[in-house]
Amino acid sequence: MSELVNPVERFLRTDRMPHIWCPGCGIGTTVNCFARALIDSGIDLQSLALVSGIGCTGRVAGYVKLDSFHTTHGRAIPFATGLKLANPKLNVVVYSGDGDLSAIGGNHLIHAARRNIDLKVICVNNLIYAMTGGQTAPTTPGHAITATSPYGAFEPSFNLPHLLEAAGAVYVARWTTFHVRQLARSIGEAFQKKGFSFIEVISPCPTLYQRRNQLGDGLDTMKYYKEASKVRNGSPTSEAGLTMTGEIVVGKFVDRERPDYQTMMTAQMTESLGERYIRPEMEHEEEGCGVCG
Amino acid sequence: MKADPKGVLTGTHFIDGDHACCEGALAAGARFSAGYPITPSTEIVERFAARVPLVGGTFIQMEDELAASITLQGAVWGGAKAFTVTSGPGFSLMMEHIGYAAMTETPCVFVDVQRGGPSTGLPTLPAQADMMQARWGSHGDYEVIALCPNSPQECFDLTIKAFNFAEEFRVPVMFMMDEVVGHMTEKVVIPPADRIEVTPRKHTRKSAEEYLPYGTNGDLVPEMAHAGEGYKFHMTGLTHDERGYPNMTPQTQDKLVRRLQNKIRDAADRIMIAEEEGIGGADVIVVSYGITSRVAQKGIDMARARGLKVGKFRMITCWPFPEKRIRELAEKAKAFVVPELNLGQMVREVERAAGGKARTIAVSHAGGSVHRPEEILNAILEATR
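Residues numbered from 1 in each chain as written. Chains lettered and ligands numbered in written order. Predicted model: local features only at pLDDT ≥ 70, side-chain atom pairs only at ≥ 80, totals over all residues. Heavy atoms only, no water.

Asks: In this structure, what is going on with the overall build of chain A? I would like to understand it.
Replies: Along chain A, the regular secondary structure elements total 11 helices and eight strands. Its C-alpha atoms give chain A a radius of gyration of 20 Å, within 12% of the compact-globule value 19 Å for 293 residues. Per-residue burial for chain A yields a buried fraction of 57% across its 293 residues. Here the analysis covers contacts within chain A between residues at least 6 apart in sequence; of these, 68% occur between residues at least 24 apart. Entry remark: accessible area of chain A is about 12,200 Å², with carbon and sulfur atoms responsible for 54%. A distance of 4 Å separates the average location of the 28 positive side-chain charges in chain A from that of its 28 negative side-chain charges. (Helix = DSSP H or I, 4+ residues; strand = E, 2+ residues; numbered from the N terminus. Rg over C-alpha atoms; globule rule 2.2 N^0.38 Å. Buried < 20%, exposed > 50% of the residue type's maximum accessible area, 1.4 Å probe, protein only. Contact = heavy atoms within 4.5 Å. Areas by Shrake-Rupley, 256 points an atom, 1.4 Å probe, with all protein chains shown as cover. Lys, Arg positive; Asp, Glu negative; His and termini not counted. Charge placed at Lys NZ, Arg CZ, Asp CG, Glu CD.)

Asks: Teacher, can you tell me more about the domain arrangement of chain B here?
Replies: Reports of interface size often rely on the accessible area that becomes lost once the parts have come together. Residue and element names in this part refer to chain B. The assigned domain composition of chain B is domain 1 (11–195) and domain 2 (275–384). Its C-alpha centre places domain 1 at a distance of 26 Å from the equivalent point of domain 2. Facing 25 residues of domain 1, the contacting portion of domain 2 comprises 23 residues. When domain 1 packs against domain 2, close to 2,000 Å² is buried across both sides, 58% of that on carbon and sulfur atoms. In terms of surface lost to domain 2, no three residues of domain 1 exceed Q128, M132 and N150, which account for 32% of the buried area on that side. (Domains from an automatic or database assignment. Buried area = accessible area lost by both parts, 1.4 Å probe.)

Asks: What should I look at first to understand the packing of helix α1 (residues 17–28) of chain B against helix α2 (residues 42–51) of chain B in this one?
Replies: Between two packed helices, both the angle of their axes relative to each other and the distance between the axes serve to describe the pair. Residue and element names in this part refer to chain B. Across the interface, α1 lies against α2 with an axial gap of 8 Å and an inter-helix angle of 45 degrees. It follows that α1 is oblique to α2 by the angle criterion. As for the relative orientation of α1 and α2, their crossing is right-handed in sense. Here D18, H19, C21, C22, E23 and L26 of α1 lie close against α2, whose contacting residues are E43, I44, R47, F48 and R51. (Axes fitted to C-alpha atoms, helices over the stretch in contact; angles between N-to-C directions. Parallel < 35°, antiparallel > 145°, perpendicular 65-115°, else oblique. Left-handed = near helix turned anticlockwise from the far one by under 90°.)

Asks: Would you mind showing me how to read empty space enclosed by the protein here?
Replies: Over the atoms a probe the size of a water molecule is rolled, and this reveals where empty space is left. Under the definition given, this model contains one cavity of 30 Å³ or more. The volume enclosed by the largest cavity comes to roughly 30 Å³. What lines the largest cavity is R16, G58, R59, G62 and H70 of chain A together with H234, L238 and P246 of chain B. For the lining of the largest cavity, the class distribution of residues is two nonpolar, four polar and two charged. (1 Å grid on protein atoms, 1.4 Å probe; cavity = no way out; pocket = protein on both sides within 12 Å on 5 of 7 lines; lining within 4 Å. Points joined across faces, edges and corners; volume = space filled by probe spheres on them. Nonpolar A, V, L, I, M, F, W, Y, C, P; charged D, E, K, R; others polar.)

Asks: Is there a simple way to explain the interface of chain A and chain B in this structure?
Replies: Counting from both sides, the interface comprises 48 residues of chain A and, opposite them, 51 residues of chain B. Here chain A meets chain B over a buried area of about 4,000 Å², counting both sides, of which 60% is carbon and sulfur. In this structure, the connection of chain A to chain B is made through two salt bridges. Where R243 of chain B meets D15 of chain A, a salt bridge forms, and the shortest distance between an N and an O atom there is 3.9 Å. Summed over the shared surface of chain A and chain B, the result is 22 residue pairs in polar contact (both at pLDDT 80 or more). Those elements that provide at least two residues to the side of chain A that touches chain B are α2 (60–63), β2 (67–70), α3 (76–86), α5 (106–115), α10 (261–273) and α11 (280–287) of chain A. Tallied by class, residues from the side of chain A that touches chain B come to 22 nonpolar, 15 polar and 11 charged. (Salt bridge = Lys/Arg side-chain N within 4 Å of Asp/Glu carboxyl O. Polar contact = N/O pair within 3.5 Å; in protein donor to acceptor, adjacent residues only side chain to side chain.)

Asks: What should I look at first to understand the pattern of salt bridges in this one?
Replies: Two side chains of opposite charge can pair, provided their charged atoms sit close to one another. Under the definition given, this model contains 42 salt bridges over all chains. Note that K334 of chain B is salt-bridged to D283 of chain B, the shortest N-O span being 3.7 Å. Within this pair, whereas K334 of chain B is found in the loop between α11 (323–332) and β15 (335–339), its partner D283 of chain B is found in the loop between β11 (274–277) and β12 (284–288), the two being separated by 51 residues in sequence. Judged by its relative accessible area of 53%, K334 of chain B is exposed. One salt-bridge network, held together by shared partners, links E189, K193, K252, D255 and E257 of chain A.

So, in C-alpha cells, the structure goes:
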C-alpha cells in the first residue's frame with residue numbers, strides 16, 4: 001500500500017515542523033489555503049517568492065518551501081518592492097499580520113497600493129499583537145481587553161478593505177479562517193491580477209484575544225465566524241468595519257484594472273526617452289546576470 | 001570582472017562629489033537605488049534617476065528612509081547591485097536595516113553625506129559626526145566597512161571600492177562623505193570600462209540540493225543565491241544556522257555572530273586603505289579623514305615651514321579602524337593630532353590604539369564649517385611641547 005501524502009506537504013519545509021503556532025490559531029489554516037491556491041493555479045513555484053515581516057504570521061516565510069524572506073518589523077512590503085522591481089519575472093507574495101502591515105508598516109502599505117506595485121498581500125488579521133503577548137493593534141475592536149488596554153480598547157480601529165480600496169489596490173477581499181475554499185479561490189484570483197492585491201483573513205488568537213475577551217476557544221470562534229459572517233461580494237468597503245461580536249462582512253469587494261507600477265514606468269520612460277530607454281528586464285534577458293560575472 | 005561599459009562615463013569631468021559618487025555607483029554596476037530626499041545627499045540620486053533608465057536599471061523614490069533602506073536589499077536578493085543615499089536624520093532611520101544587512105549578509109552600500117547634528121541640525125553644512133553611528137548605530141554585535149573620500153575624484157574611485165568590498169565580504173559598506181566633499185566641484189577622471197575592476201557577486205555554483213545558504217568553506221563568506229533561481233532558500237534576520245533556518249541557541253548565536261565579526265576582522269589588512277606621508281622620523285602625526293584631511297594638510301605645511309617634523313596619516317578606511325598601524329606609529333611618534341568635525345569620535349579609537357605610547361590631542365569642531373588651519377597648527381605646536 002502506498003503511503004498517503006498530504007498534497008500541500010510539498011509546499012512546506014517539513015524539516016521545520018512542528019511549527020510555533022498555538023492550538024486553535026488560524027495562521028496554519030491560511031497557509032493550507034495558500035498551498036491549495038498554488039496547486040489550483042498551477043503557478044510556477046520557481047518564480048514565486050514569499051516575503052514576511054515580524055510576528056506570528058511573519059513566521060510563514062520560514063515554513064514554506066519557496067524562496068522566502070523573513071524581513072524586519074513592518075518592512076515586508078518595501079523589501080518585496082525591491083525584489084519585484086529588480087526581477088519583474090518573480091511573482092511576489094507578502095504574507096504578514098495586521099500589526100506588521102497596518103501599524104508599523106502602515107505607511108508602506110498605502111504607498112505600495114498607491115503605486116500599484118504588483119504584489120499579492122495576504123494579511124492575517126487576528127485583531128491583536130499576538131507574538132508579543134496580546135497588545136492592542138490598530139485593528140483591535142472597541143471595548144476589547146488586551147495586555148495594553150486592560151480596561152478596554154477605545155481607539156477607533158482600521159477597516160482595512162476600506163483603507164486599501166482608497167489607497168488604490170486593484171483587488172481587495174476579506175474572508176475568515178472558516179471560509180477556506182473562498183480564501184483559496186481569492187488567492188488564486190489575486191495571482192491572475194497584475195497590480196496590488198490585498199486579501200484580509202480574519203483569524204482567531206484563542207490564546208490571547210479570544211481568552212481575554214471570554215470569546216471561547218478556537219472551535220467557538222469558528223462557530224462565530226460561521227454565524228456572523230455575511231458574504232457580500234461587491235459590498236461598499238465603507239460598510240465592512242468590524243466590531244468585537246457583530247457581523248463580519250466578507251467577500252470580494254474590489255476587482256478593478258489599473259496599470260501597475262512597472263507598466264506605468266515603462267510607458268513614461270518610453271514616452272520621454274524613446275529608444276534610449278533600456279528596460280531593466282530586457283537587460284536581464286539579453287546578458288544574463290551582469291552582477292555575477 | 002571588468003565594468004559594464006554602459007554604466008561608465010569615460011572622460012574628464014568637472015563635477016561635484018555627489019555626482020561623482022553616482023557615477024562611481026553606475027561604474028561599479030549598481031542598477032538599483034531606492035532613496036528618500038535629504039540635503040545634502042539628494043544630488044546623488046537625482047543624477048541616478050536621470051542616468052539609470054539609459055543603462056537598464058531602476059530608481060524608486062520611497063515614502064521614507066525605513067523603506068529605502070530595505071527596498072534596496074530586496075533588489076539585491078532579486079539579483080541587482082543596489083545602494084541608498086542619505087544624510088544624518090535619514091541615516092538614523094536606516095540603522096535597523098544596516099543591522100539586517102549585516103545579519104543576512106546582503107551586499108549593499110549606504111552613502112551618508114554627513115551634515116551637522118544632532119537632530120535636524122545643520123542641513124546644508126558639514127560635519128563628520130556620524131562616524132561612530134556608522135560603526136555602532138544598529139543594535140547587536142556586527143562589523144561593517146566604512147570609507148571616507150576627501151575629493152570628488154575619490155567619491156568616484158572609492159564608491160567602486162565600496163561596492164567591491166560589499167560583494168567580496170557580503171557586508172553593508174558605509175560610504176561616509178560630508179557636505180563639503182559632496183558639494184565641492186573638481187576635476188574627475190573616469191577611466192575606460194576595461195580599466196575598472198568590479199568584484200562579481202559571490203554566487204553559488206552548487207545545485208539546489210547541495211546548496212547551504214549560510215554554509216562556509218573556511219573563508220567565512222557564504223555563497224549567495226538569488227530569488228527565482230530554484231534554490232528555494234530561506235533568509236531571516238533571526239539567528240540562523242547554515243541552512244538559514246532560525247535557531248535561537250547560544251551556540252548558534254555565538255558561531256554566527258563571531259563569523260560576521262571575523263570575516264571583516266581577519267581581512268582587516270586587505271580592507272585597510274590609508275595615505276601616509278612624511279611619517280618616517282615624524283614627532284607628530286596628524287590623523288585625519290574626509291574633508292578635514294585637506295585642511296589638515298595646510299596645518300601640516302605651516303608646521304613644516306617652522307621646521308617641525310610632522311607626518312600625515314589619512315584614513316580612507318575608517319572602519320575597521322586601522323588600529324594595527326596606529327599602534328605601530330605610536331611606538332615612533334610622540335603625539336597624534338586628530339582633527340575632526342565632531343566633538344571627539346575617531347580620536348577615541350586613535351587614543352585606544354596608541355595605548356598610552358603617544359599623546360593624543362583632539363582638535364574638535366561642532367560642525368557647520370571646516371577647521372581653520374591655524375587650529376591644527378596650534379595643536380601640532382602643543383604636541384611638540
